[in-house]
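# Commentary on secondary and tertiary structure
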Amino acid sequence: MPKQKDRSYSLKKLIDFIGEDEAAIHNMVSIFLSSTPDLLAKIKDGFVKSDLVAVGKAAHMLKPTLDIFGVDNMYNPIRRLEVLAKSADSGNETKKIIQDLDETLKVVFQQIKEDYPEV
Amino acid sequence: MESFRIFIVEDDALYGEMLKHHLSLNPDNEVHLYKTGSDCLKHLYKNPNLISLDYSLPDMSGLDVMRAIKKENSDVPVVIVSGQEDISTAVALLREGAYDYFVKDDDTKDRLWNVIKKIRENLQLRSEISYLKEEIGRKYEFRNVIKGNSPAIKQIFGLIEKSIKSNISVSITGETGTGKELVAKAIHYNSPRAKKPFVAINVSAVPRDLIESEMFGHEKGAFTGAVTRKIGKFEQAQGGTIFLDEIGEMDLNMQTKLLRVLQERELTRVGGNDLIKIDARVIVATNRILADEVQKGNFREDLYYRLLGLPIELPPLRYRGNDIIILAKYFTDEFCADNKMPKLSITESAQQKLMKYPFPGNVRELRAVMELAAVLTDIDHIDESHISFNSTDSAGSFLMEENTLEGYTRKIIRYYLQKHNNNVLLVAKKLDIGKSTIYRMIKEKQI
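Residues numbered from 1 in each chain as written. Chains lettered and ligands numbered in written order. Predicted model: local features only at pLDDT ≥ 70, side-chain atom pairs only at ≥ 80, totals over all residues. Heavy atoms only, no water.

### Let's talk about helix H5 (residues 92-115) of chain A
Residues and elements named next belong to chain A. Its 24 residues place the ends of H5 34 Å apart at the C-alpha level, agreeing with the 34 Å of an ideal helix rising 1.5 Å per residue. Residues of H5 that are buried include every one of Thr94, Ile97, Ile98, Leu101, Asp102, Thr104, Leu105, Val108, Phe109, Gln111, Ile112 and Asp115, and no others. In this structure, the buried side of H5 is in contact with helix H2 (22-48), helix H3 (52-68) and helix H4 (75-86). (Helix = DSSP H or I, 4+ residues; strand = E, 2+ residues; numbered from the N terminus. Expected span 1.5 Å × (residues − 1). Buried < 20%, exposed > 50% of the residue type's maximum accessible area, 1.4 Å probe, protein only. Contact = heavy atoms within 4.5 Å.)

### Points about the pairing of strand S12 (residues 310-313) of chain B
Each regular strand displays side chains that alternate between the two surfaces of the sheet. Residues and elements named next belong to chain B. By the alternation rule, side chains of S12 split into Leu310 and Ile312, which are all buried, and Pro311 and Glu313, of which none is buried. In terms of strand pairing, strand S6 (residues 170-173) meets S12 through four bridges, oriented parallel. In the sheet register, Thr173 faces S12, and the bridge partner there is Glu313. (Pairing = 2+ DSSP bridges.)

### Overview of the packing of helix H1 (residues 13-24) of chain B against helix H5 (residues 108-139) of chain B
Residues and elements named next belong to chain B. Their axes nearest at 11 Å, the elements H1 and H5 cross at an angle of 50°. The pairing of H1 with H5 is recorded here as oblique in orientation. Here the hand of the crossing between H1 and H5 comes out right-handed. Together, Tyr15, Leu19, His22 and Leu23 of H1 and Thr108, Lys109, Leu112, Trp113 and Ile116 of H5 make up the contact between the two elements. When grouped by side-chain class, the residues that make up the contact of H1 with H5 number six nonpolar, two polar and one charged. (Axes fitted to C-alpha atoms, helices over the stretch in contact; angles between N-to-C directions. Parallel < 35°, antiparallel > 145°, perpendicular 65-115°, else oblique. Left-handed = near helix turned anticlockwise from the far one by under 90°. Nonpolar A, V, L, I, M, F, W, Y, C, P; charged D, E, K, R; others polar.)

### Structural notes on the confidence of the model for chain A
Taken over all residues, the pLDDT of chain A has a mean of 91, while the share at 70 or more is 96%. Taking the mean pLDDT of every element in chain A, the minimum, 90, falls on helix H1 (residues 12-18) of chain A and the maximum, 95, on H5(A). (pLDDT = per-residue confidence, 0-100.)

### Side note on the pattern of salt bridges
One pass over the structure, following the stated rule, counts 37 salt bridges over all chains. Among the salt bridges present, the one from A:Glu114 reaches A:Arg7, with a minimum N-O distance of 3.3 Å. Taken together, the residues span a long stretch of sequence, with A:Glu114 in helix H5 and A:Arg7 in the segment before H1 at a distance of 107 residues. A:Glu114 gets classed as partly exposed once you look at its relative accessible area, which sits at 46%. One salt-bridge network, in which partners are shared between bridges, spans B:Glu219, B:Arg229, B:Glu235 and B:Arg269. (Salt bridge = Lys/Arg side-chain N within 4 Å of Asp/Glu carboxyl O.)

### Re a negative patch on the surface
A surface patch of like charges, here negative, comprises A:Glu20, A:Asp21, A:Glu22 and A:Glu118. In this fold, A:Glu118 is placed in the segment after H5. (Patch = residues over 30% accessible without salt bridge, like charges linked within 9 Å, V, L, I, M, F, W, Y side chains within 5 Å. Areas by Shrake-Rupley, 256 points an atom, 1.4 Å probe, with all protein chains shown as cover. Lys, Arg positive; Asp, Glu negative; His and termini not counted. Charge placed at Lys NZ, Arg CZ, Asp CG, Glu CD.)

### Examining the packing of aromatic side chains
Taken as a whole and assessed by the stated rule, the structure comprises twelve aromatic pairs over all chains. With centroids separated by 6.2 Å and ring planes inclined at 40°, the aromatic side chains of B:Tyr189 and B:Phe198 adopt a geometry described as tilted. The same class applies to B:Tyr189 as to B:Phe198, namely buried. One cation-aromatic arrangement involves A:Arg79 over A:Tyr75; the distance from NZ or CZ to the ring centre is 3.8 Å. (Phe/Tyr/Trp six-rings, centres within 6.5 Å; stacked < 30°, edge-to-face > 60°. Lys NZ or Arg CZ within 6 Å of the ring centre and 35° of its normal.)

### Here we look at the packing of H2(A) against H5(A)
Residue and element names in this part refer to chain A. Relative orientation of the contacting elements H2 and H5 amounts to 160°, with a least axis distance of 11 Å. Taken together, H2 and H5 sit at an angle that is classed as roughly antiparallel. Judged by the sense of rotation from one axis to the other, the crossing of H2 with H5 is left-handed. When H2 is examined against H5, the residues Val29, Phe32, Leu33, Thr36, Pro37, Leu40, Ile43, Lys44 and Phe47 are found in contact with a partner set consisting of Thr94, Lys95, Ile98, Leu101, Asp102, Leu105, Val108, Phe109, Ile112 and Lys113. Of the residues that constitute the contact of H2 with H5, the class distribution is 13 nonpolar, two polar and four charged.

The structure is reproduced here in structure tokens:
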């Protein structure tokens, strides 16, 4: 298990959920790495196209994934984004959250790839 | 126990895989993961024991999927696992029949685990209930419970067979203790309604003021003391059979209400407004002659004809000849087995004593007599001395012994002498016979 100090993510909840099964953890990490960029892309794309419904749906799906992967600094922003998208708010707050989300996830992806090079 | 089949319907790949992995940790679980509502619906033929359903799916809403599932199989529990913390959605889904609703959070896995545990316990209970129902059915296989091979009882077997092939109302008459409820149960548990409830109500045992509420139920606040809604016996018997014992004791006002329910096949609870459809077969029993009660104006003629249906008149035990011995042996064996006692035989003299007795209490009385005899004997058989009759209808049983006039006279004199400390003068005076007649009978050892 890689050390997770100073990381923007934590696998504690995931391990609580599925147990310390190395193969299963790798499988989940792999799913995270393949599905999360798609959801992020849908959010960014939806915002650009002013399709706030698409933003809301993707944010809704991303919410439990970020919780499970312990991306704690996005815990409240992703919920706020869902609310803003629901009320079709495409203002600065929405834009800022999406930017933060993009930057945070870039870091998370990088860190996970470093910690799990074999995945 | 066979596998517990779980469907996870989840479009979030990560969450779906996590749930699948977690639930598969129990090797008894067989977990299937579907990403869309339509994919789940396509596989319902696999008969899942539980469906964990994400509320937000790409092709259908969770509500629509649940409705489609319930349409196909209304019994399968559906648990909604949603990212939505919306109370009104949760309430709407629970009203539509969801087993539970929880939001995806840290407790999800424990809650799901607990739900599975509860459902498995529930399934176990259901399977036990189903087994017990089959056992009851076997127990009430009528040739197993109604013993005897007399012509009178064979005729009853024929009528029971006819009654189980249709839904016709059945009216059972017979003296007390002839087994009216046993016959009603035999009809129910051998009929296509066997897996639904058999509900019995003794009309004479329920106070007049409560009978309507007992039969048809009541709404909360319908009358003083109605603190909760009560489901009546007719509703409890939905799909099954309702047995109205001692129907002849029902008052005329209630008879009118019963007639309406039987005609319309619907009822209204006391204090309620809603009409409730009723599908219950009716079997009634009475030890009165209902036709006479109609003549006397005590029983409604229209209700009489509606209830009469197939009449079954149970013969008194005294008219069933050798059935008395068959039943005596059956009750003795049953009592010995229940009390882990060795088997007991019944001597010829004991059998003769039983055959001579008129059994005013019928089969019920015979059972009590044989159980007492089995307790009284200290040896491996029951003889005459262990058989004692304690009928409350002593005058009736005295006359039904079929004695000669001289025999009756001797018995009467013996009884009076015992009662009056062998005071011959007093007995002669009371019976208005000559004292010399009594002395002669004593001398000749006739008494």
